[in-house]
Amino acid sequence: MRYELCSLYLFSTGVMCDSLQLSDMAVRERLDRSGVPYTLYYDNTGLAYPIQPQVKGDYACHLSDVKNMNLREGDVIQLGYPKSGNHWLFEILTMLVYHSHDYTHHTLGNNIIDGVPVDELDSMTSPRVLVSHLRTHSLPKQLFDKKIKIVLVLRNPKDVLISLYAFVSSIHICAPYRGSFDDFFEMFLSGTFAHGSWTEYTRECDEMLSRHPTHPIHIVTYEDMKQDPVREVKRLCKFLGYKEIHDEFVLNVVQKTDFHIMSHALNSGKLASMKYVFDEGAPGLFRKGTVGEWRNWFSESQNENFDRIFQSETKDIRLIDRIRQYL
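Residues numbered from 1 in each chain as written. Predicted model: local features only at pLDDT ≥ 70, side-chain atom pairs only at ≥ 80, totals over all residues. Heavy atoms only, no water.

Draft legend 1. Expanded view of the overall build of the protein. The secondary structure content of the protein amounts to 13 helices and 11 strands. Looking at the protein as a whole, 54% of its 327 residues are labelled buried. The contacts in the protein between residues at least 6 apart in sequence include a share of 68% that link residues at least 24 apart. As displayed, the protein offers around 15100 Å² of accessible surface, 51% of which is attributable to carbon and sulfur atoms. (Helix = DSSP H or I, 4+ residues; strand = E, 2+ residues; numbered from the N terminus. Buried < 20%, exposed > 50% of the residue type's maximum accessible area, 1.4 Å probe, protein only. Contact = heavy atoms within 4.5 Å. Areas by Shrake-Rupley, 256 points an atom, 1.4 Å probe, with all protein chains shown as cover.)

Draft legend 2. The arrangement of the sheet that holds strand β11 (residues 217-221) in detail. Spatially, the 4 strands line up as an open sheet ordered β9-β8-β10-β11, and their pairing is parallel. Here the strands that pair on one side only, and so sit at the sheet edges, are β9 (129-132) and β11. Across the sheet, the mean angle from the axis of one strand to that of its neighbour is 20 degrees, orientation sign disregarded. By the bridge criterion, 5 bridges tie strand β8 (residues 76-80) to strand β10 (residues 149-154) in an arrangement that is parallel. Residue V76 lies in a different strand from β10, and its bridge partner there is K149. (Pairing = 2+ DSSP bridges. Axes fitted to C-alpha atoms, helices over the stretch in contact; angles between N-to-C directions.)

Draft legend 3. Layout of empty space enclosed by the protein. Counted according to the given criterion, the structure contains 2 cavities of 30 Å³ or more. Estimated volume of the largest cavity: approximately 90 Å³. Lining the largest cavity are P157, F188, L189, S197, W198, T199, F306, I309, F310 and E313. Sorting the residues of the lining of the largest cavity by element identifies α7 (181-190), α8 (198-211) and α13 (300-313) as the ones contributing at least two each. In terms of residues, the lining of the largest cavity owes the most to one element, α13, which gives 4 residues. Of the residues in the lining of the largest cavity, the class split is 7 nonpolar, 2 polar and 1 charged. The space that makes up the second largest cavity amounts to roughly 60 Å³. Lining the second largest cavity we find L47, A48, Y49, H133, L134, R135, H137, S138 and H195. Its residues assigned to classes, the lining of the second largest cavity shows 4 nonpolar, 4 polar and 1 charged. (1 Å grid on protein atoms, 1.4 Å probe; cavity = no way out; pocket = protein on both sides within 12 Å on 5 of 7 lines; lining within 4 Å. Points joined across faces, edges and corners; volume = space filled by probe spheres on them. Nonpolar A, V, L, I, M, F, W, Y, C, P; charged D, E, K, R; others polar.)

Draft legend 4. Looking closely at the pairing of strand β5 (residues 25-31). Where β5 meets strand β6 (residues 37-43), 7 bridges bridge the pair, whose relative direction is antiparallel. Looking across to β6, one finds that R28 is bridged to L40. The loop that links β5 with its antiparallel partner β6 comprises 5 residues; one of these, G35, has a positive phi angle of about 90 degrees.

Draft legend 5. Spatial organisation of the packing of helix α6 (residues 157-168) against α13. Direction vectors running N to C along α6 and α13 enclose 125 degrees, while the axes themselves pass 12 Å from each other. Classified by the interaxial angle, the pair formed by α6 and α13 is oblique. In terms of crossing hand, the pair formed by α6 and α13 is right-handed. The residues of α13 that touch α6, namely those facing P157, K158 and L161, are N303, F306, D307 and F310. Counted by class, the contact of α6 with α13 contains 4 nonpolar, 1 polar and 2 charged residues. (Parallel < 35°, antiparallel > 145°, perpendicular 65-115°, else oblique. Left-handed = near helix turned anticlockwise from the far one by under 90°.)

Draft legend 6. Representation of the pairing of β10 in the model. Counting buried residues along β10, 5 of its 6 residues qualify, which places the element largely inside the surrounding structure. Pairing between β10 and β11: 5 bridges, direction parallel. Looking at the pairing, L152 lines up with I219 of β11.

Here you go:
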């Protein structure tokens, strides 16, 4: 795929990747209902992806590389829709995988298969905690063949919406958006922004569970981690194969990954450079770390509209039971 700049649009011409003709993808500028522009990758199904600055070549080729990448015994892959607590969970998982309650030098941005070139991922030493927001049909083929452990994080989509809007409305790269909350609310419900519909993402994860009932998959919710982090860390230890789970170690991990302690440590440490990709004064990757903030943003009519659409679209998604009490 070769990109050609034409006015404010970038159009793809198609390319052969690994001898496989991929669906045409394009980087396009689109407008929200108020005429505010935003620019994303789009495939021929209309699914949107954020711009990935680390991918130097064609994004369709990158997705092909991801599909065919080599996974190793001992890899753990973390899946989750954006702003579901992914950075938080990543810090917990890296501590557990490395059997240390110290922050590692790894960052989610260095380990996310969506945007990091596969040769860089290949150069990482084992064990690896890999991360993805991709739909399940775009994940590596070897994921299921090699029985790679999967940790799936879920969060109340109302809070996801708030956190995602706060993120994209203050960042300068990937998927910046300068429109209003009301317009973003409509895009989120219709699935027209980056990563598409939360409902469809969750439906694909639900179908993945049905297709692979014996695969090692652990599900954690953002709300459960907030409510009882000790319990959730112990459950993760058991899933990862810990023969012994020591209370002192678990408590140290929980303390280090307390939202306020962790955000201060990482923002002044390995993520310090991230402040330059956000508006001055913006909270950056870590904002409030709370549950139920949507109540401070949604109007009564927005909440009614959200509930109506959500209930209609999620009737057959069993994973919804994991977060229903928090809606």
